[in-house]
Amino acid sequence: MQIKSFAEYEETYRFSVEWPEKFWAGIAEEFLWRKKWDKVLSWNFSEPNIKWFEGAKLNITENCLDRHLAKNGDKPAIIWESNDPDKSSITLTYKVLHEQVCRFANVLKKNGVVKGDRICIYMPMVPELAVAVLACARIGAVHSVIFGGFSAKSIADRINDSACKLVITADGSFRGNKQIQLKEVIDDALIGCPTVEKVIVLTHTRTPVSMLKGRDLWFEDEIKQVDTDCPAEEMDAEDMLFILYTSGSTGKPKGVVHTVGGYMVYAGYTFTNAFNYQPDEVFFCTADIGWITGHSYIVYGPLSQGATTLMFEGVPTHPTPSRLWEIIEKHKVNILYTAPTAIRSLMSYGTDPLKGKDLSTLRVLGSVGEPINEEAWHWFDEEVGHKNCPIVDTWWQTETGGLMISPIAFVTPLKPACATLPLPGIQPILVDEQGNEIEGNGVNGNLCIKFPWPGMLRTTYGDHERCKQTYFSTYPDLYFTGDGCMRDEDGYYKITGRVDDVINVSGHRIGTAEVENAINMHAGVVESAVVGYPHEIKGQGIFAFIIYPKLHNESDLTKKDILQTVTRVIGAIAKPDKIVFVSGLPKTRSGKIMRRILRKIAEGETTNLGDTSTLLDPAVVEEIIVAAKQL
Ligand code: PRX
């Protein structure tokens with residue numbers, strides 16, 4: 001299933017467009033099914049209704065674990081590297097991982113979890129997180145992993161939205177020199193979560209936690225009470241595998257739903273191809289399992305292919321800016337998959353931290369999460385890859401399940417900072433605002449996909465209409481990505497960034513409306529508007545314009561209070577980088593905030609603000625410019 005040459009890619013791509021069902025059936029053949037499908041694909045984008053491999057029966061953990069045992073039982077499946085460099089790393093072979101997953105799956109069963117139940121996972125980046133995820137999949141429970149940086153309120157909203165029955169967490173987590181009291185956050189969240197019956201708590205940071213009688217259980221106690229025999233639940237290909245919440249331009253985060261069969265095929269296929277994974281190599285994805293990148297390329301993609309996946313608890317620059325390079329040297333990493341924000345942050349320390357580090361095992365580099373700037377691309381290429389490692393700039397989304405537009409390492413001719421070409425089976429098109437297809441090369445437009453692929457989302461949990469409105473209604477019969485894109489003279493795709501009200505901060509998607517709602521909850525705030533602006537390390541920063549009429553002398557303290565409110569409501573990742581207090585916001589006569597103008601001001605533009613003729617009160621703009629300049 002690995003593509004070896006560009007001619008083969010072109011041929012495969014042509015075939016995948018002409019005969020999509022034959023193409024995907026051929027790929028799916030390489031996985032383990034208890035029963036094969038009756039029908040490869042049925043679909044329409046109008047409802048939408050998408051089904052892949054209908055009638056097929058399988059369990060994804062038999063693909064990720066059991067099927068490797070006979071030949072590769074002693075091969076490392078997960079290598080874990082602690083936040084603390086002095087702590088020994090842990091290796092879980094396929095055999096050990098299989099055993100731990102079965103054991104923990106039995107713990108879930110013992111606590112009343114059955115197929116279809118939703119389970120919230122809020123854990124540090126430790127092997128038990130992967131174990132928890134796979135244990136859910138083993139028994140057909142639906143996991144909803146929440147990134148460790150979200151607040152109690154965000155967690156409660158997510159738990160309630162999908163009526164989770166059980167929570168798996170830990171006492172706390174380490175990230176660099178910070179500690180997060182995960183259990184405390186969960187305790188706060190659960191005050192408002194009536195559906196949660198049990199909480200399983202892993203000991204990790206050894207910080208004292210309160211344990212509620214009848215509800216809270218220790219992970220370590222529970223696993224002692226069960227055995228390691230846990231046959232996998234038989235799942236339909238279209239049964240739900242997981243929910244992952246993500247931000248959009250409006251309202252609260254949506255629970256993106258992925259199903260078992262198509263997701264597995266897609267994560268596995270894209271992993272093996274784009275990264276050119278070879279048996280016995282060590283694959284290191286620096287993402288957190290709380291995001292889709294971790295789901296697909298730390299857990300499911302690599303494990304379904306029998307790969308060795310490296311899981312890192314900490315941050316690349318802690319305790320020193322050499323940490324990432326030390327890890328690569330220590331574990332002889334062959335493929336490094338990270339985000340532009342991490343590259344820029346490492347780059348800011350210069351090349352000293354790289355000196356004397358043996359990175360010669362590296363063969364392929366990858367980038368994900370946001371557009372990579374050329375400077376960062378070249379630094380990655382020269383200083384890390386020594387111009388010897390292809391960089392795969394992989395464009396995709398939580399909703400797409402796996403890589404969509406990306407080079408295939410050693411196959412696709414590269415261009416700096418460019419996602420290049422669609423993977424086989426992916427049919428991108430560019431459209432204008434009215435939805436007309438923009439044909440030819442050397443053009444810009446909104447990026448849509450016109451044909452289904454196995455890894456695509458099926459719905460948004462509990463609200464199918466929202467899925468339809470968000471992704472399939474802007475342009476009829478197309479999946480709309482929310483991204484702008486250029487197709488250059490050679491037909492290569494270069495993603496230019498979001499065209500909706502979503503900000504990409506350090507590769508994390510944050511909806512401006514969500515941040516505004518959080519700011520508006522602060523006492524004294526009348527109204528606010530939030531936009532993104534270019535940020536040297538984070539890619540985009542958050543700029544908030546806030547109407548706060550009774551501002552006292554201590555405006556700095558008020559800013560901090562507002563940041564505290566945002567941290568409480570969403571989490572620290574959504575804290576604005578810049579705040580200005582203003583007396584009004586630029587609005588049209590119909591009361592709509594003209595974000596276009598605010599974006600320009602946030603970018604430092606003062607004169608060329610575009611058409612301002614529809615503004616209700618132009619004087620407001622002058623005041624905002626002055627206030628923003630004073631920051
Ligand atoms: O704007 C695109 C950007 O990240 C968005 C998806 O965010 P999320 O669902 O959180 O998933 C991130 C990891 C897959 C996209 O709509 N994005 C992701 N990868 C790239 C990118 N923008 C440019 N180049 C990329 N390689």
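Q: Help me understand the packing of aromatic side chains in this model?
A: Two descriptors summarise a pair of aromatic rings, namely the distance from one centre to the other and the angle between the planes of the rings. Applying the stated rule across the entire model yields 40 aromatic pairs. Measuring from centroid to centroid gives 4.7 Å for F147 and W291, while their planes differ by 35°, and the two rings are tilted. Taken as a pair, F147 in the loop between β7 (142-145) and α6 (152-161) and W291 in the loop between β16 (282-285) and α10 (292-304) lie far apart in primary sequence, 144 residues in all. Grouping residues by exposure puts F147 and W291 together as buried.

Q: What exactly am I supposed to notice about the sheet that holds strand β21 (residues 428-431) here?
A: Consider a sheet: its strands pair through backbone hydrogen bonds, and that pairing is either parallel or antiparallel. What the four strands build is an open sheet, ordered β21-β22-β24-β25; its pairing is antiparallel. On the outer flanks of this sheet lie β21 and β25 (493-498), each paired with one strand and no other. Between one strand axis and the next, the sheet turns through 45° on average, direction left out of account. The pairing of strand β22 (residues 443-449) with strand β24 (residues 479-487) spans six bridges and is classified as antiparallel. Among the inter-strand pairings, N446 is bridged to a residue of β24, identified as G484.

Q: Whenever I open this one, empty space enclosed by the protein confuses me. Can you help?
A: Unfilled space is identified by rolling a water-sized probe across the atoms. Taken as a whole and judged by the stated rule, the model has four cavities of 30 Å³ or more. As for the largest cavity, its lining consists of M123, P124, M125, F147, G148, S173, F174, R175, I180, L182, D288 and E313. For the lining of the largest cavity, the leading source of residues is strand β9 (residues 173-175), giving three residues. Residue composition of the lining of the largest cavity, by class: seven nonpolar, two polar and three charged.

Q: What is the right way to read the domain arrangement of the protein chain from this model?
A: It is common to give the size of an interface as the accessible area lost on bringing the parts into contact. Each assigned domain of the protein chain is listed with its residue range as follows: domain 1 (6-472) and domain 2 (502-629). Its C-alpha centre places domain 1 at a distance of 32 Å from the equivalent point of domain 2. Listed by partner, the interface residues are 23 residues for domain 1 and 22 residues for domain 2. Buried surface at the junction of domain 1 and domain 2, both sides included, amounts to about 1,700 Å², of which 50% is carbon and sulfur. Linking domain 1 with domain 2 are one salt bridge, by the criterion used here. The shortest N-O distance in the salt bridge between R509 and E399 comes to 2.8 Å. Seen at the junction of domain 1 and domain 2, the total is 14 residue pairs in polar contact (both at pLDDT 80 or more). Every element with two or more residues in the side of domain 1 that touches domain 2 is listed here: α6 and α12 (340-347). Looking at which element gives the most residues to the side of domain 1 that touches domain 2, the answer is α12, with three residues. Taken together, the residues that form the side of domain 1 that touches domain 2 break down as four nonpolar, 15 polar and four charged.

Q: Sorry, what's going on with the pattern of salt bridges here?
A: Close approach of charged atoms lets side chains of opposite charge pair. Throughout the structure, instances matching the rule amount to 33 salt bridges. Between E222 and K110 there is a salt bridge, with its nearest N and O atoms 2.7 Å apart. Residue E222 is found in helix α8 (residues 219-224), and its partner K110 is found in helix α4 (residues 94-110); the two are separated by 112 residues along the sequence. E222 sits in the buried class, given a relative accessible area of 5%. Notably, a salt bridge pairs R215 with D187, separated by 2.9 Å at the nearest N-O pair. Linking R215 in the loop between β11 (198-202) and β12 (216-218) with D187 in helix α7 (residues 182-190), this pair joins segments that are 28 residues apart in sequence. Using a relative accessible area of 15% as the deciding quantity, one classes R215 as buried. A relative accessible area of 17% places D187 in the buried class. Each member of the salt-bridge network shares a partner with another, and the members are K183, D187, R215 and D216.

Q: How do you make sense of the pairing of strand β28 (residues 527-535) when you look at a structure like this?
A: As a general feature of sheets, a regular strand has side chains that alternate between the two faces. The sheet contact formed by β28 and strand β29 (residues 539-547) spans nine bridges and is antiparallel. The residue of β29 that forms the bridge with Y533 is G541. The hairpin turn running from β28 into β29, its antiparallel successor, is three residues long.

Q: When you look at the site of the ligand in this model, what are you seeing that I'm missing?
A: As a structural note, the neighbourhood of the ligand is formed by 17 residues, with D393, T398, D483, R498 and R509 the closest of them. Taking T398, its side chain carries an N or O atom lying 2.6 Å from an oxygen atom of the ligand. Between R509 and the ligand, the recorded distance is 2.7 Å, taken from a side-chain N or O atom to an oxygen atom. Here the ligand loses 96% of its free accessible area of 540 Å² to cover by the protein chains. Those elements giving two or more residues to the shell around the ligand turn out to be α10, β20 (391-394) and β25.

Q: Explain the pairing of β21 to me, please; I cannot follow it from the model alone.
A: Residues P428 and L430 of β21 are buried on one face, and the alternating residues I429 and V431, pointing to the opposite face, are buried as well. Of the strand pairs in this sheet, β21 and β22 are connected by four bridges, and their pairing is antiparallel. Along β22, the bridge assignment pairs L430 with L447.

Q: How should the environment of T317 be read in this particular structure?
A: With respect to the helices, strands and loops of the structure, T317 is situated in the loop between β17 (308-312) and α11 (323-331). On the basis of relative accessible area, T317 is assigned to the partly exposed category, the value being 22%. Taking C-alpha positions, T317 is 8.1 Å from S345, a pair spaced 28 residues apart along the chain.

Q: Honestly, the nonpolar core in this entry has me stumped. Any pointers?
A: The nonpolar side chains of a soluble globular protein tend to be buried with one another. W33, F53, L97, F104, L108, I121 and Y300 are the most contacted members of the largest nonpolar core, which has 165 residues in total. It is helix α5 (residues 127-139) that contributes the most residues to this core, 10 residues altogether. The residues that make up this core include at least three from each of domain 1 (6-472) and domain 2 (502-629). When residues no more than four places from it in sequence are discounted, the contact partners of W33 are A28, F53, A56, K57, L58, A237, G261, M264 and V265. Counting residues in hydrophobic clusters, the runner-up holds 27 residues, among them I343, M347, I372 and I391.

Q: Help me out: how do you make sense of the layout of surface pockets in this one?
A: The calculated volume of the second largest pocket comes to roughly 430 Å³. Forming the boundary of the second largest pocket are 17 residues, of which T272, P279, S304, Q305 and G306 lie nearest the centre. Tallying contributions element by element places helix α3 (residues 60-72) first for the lining of the second largest pocket, with four residues. For the lining of the second largest pocket, the per-class residue count stands at four nonpolar, eight polar and five charged.

Q: Explanation requested: the environment of V525 in the structure shown.
A: Relative to the assigned elements, V525 resides in the loop between α15 (512-520) and β28. For V525, a relative accessible area of 11% translates into the label buried. A sequence separation of 37 residues divides V525 from I562, and the C-alpha atoms of the two residues are 9.0 Å apart. Those residues in contact with V525 that sit more than four places away from it in its chain are I519, N520, I546, I547, Y548 and I562.

Thresholds, definitions, all that
- Residues numbered from 1 in each chain as written.
- Predicted model: local features only at pLDDT ≥ 70, side-chain atom pairs only at ≥ 80, totals over all residues.
- Heavy atoms only, no water.
- Phe/Tyr/Trp six-rings, centres within 6.5 Å; stacked < 30°, edge-to-face > 60°.
- Helix = DSSP H or I, 4+ residues; strand = E, 2+ residues; numbered from the N terminus.
- Buried < 20%, exposed > 50% of the residue type's maximum accessible area, 1.4 Å probe, protein only.
- Pairing = 2+ DSSP bridges.
- Axes fitted to C-alpha atoms, helices over the stretch in contact; angles between N-to-C directions.
- 1 Å grid on protein atoms, 1.4 Å probe; cavity = no way out; pocket = protein on both sides within 12 Å on 5 of 7 lines; lining within 4 Å.
- Points joined across faces, edges and corners; volume = space filled by probe spheres on them.
- Nonpolar A, V, L, I, M, F, W, Y, C, P; charged D, E, K, R; others polar.
- Domains from an automatic or database assignment.
- Contact = heavy atoms within 4.5 Å.
- Buried area = accessible area lost by both parts, 1.4 Å probe.
- Salt bridge = Lys/Arg side-chain N within 4 Å of Asp/Glu carboxyl O.
- Polar contact = N/O pair within 3.5 Å; in protein donor to acceptor, adjacent residues only side chain to side chain.
- Near = heavy atom within 4 Å.
- Areas by Shrake-Rupley, 256 points an atom, 1.4 Å probe, with all protein chains shown as cover.
- Core = buried A, V, L, I, M, F, W, Y, C linked by side-chain atoms within 4.5 Å.

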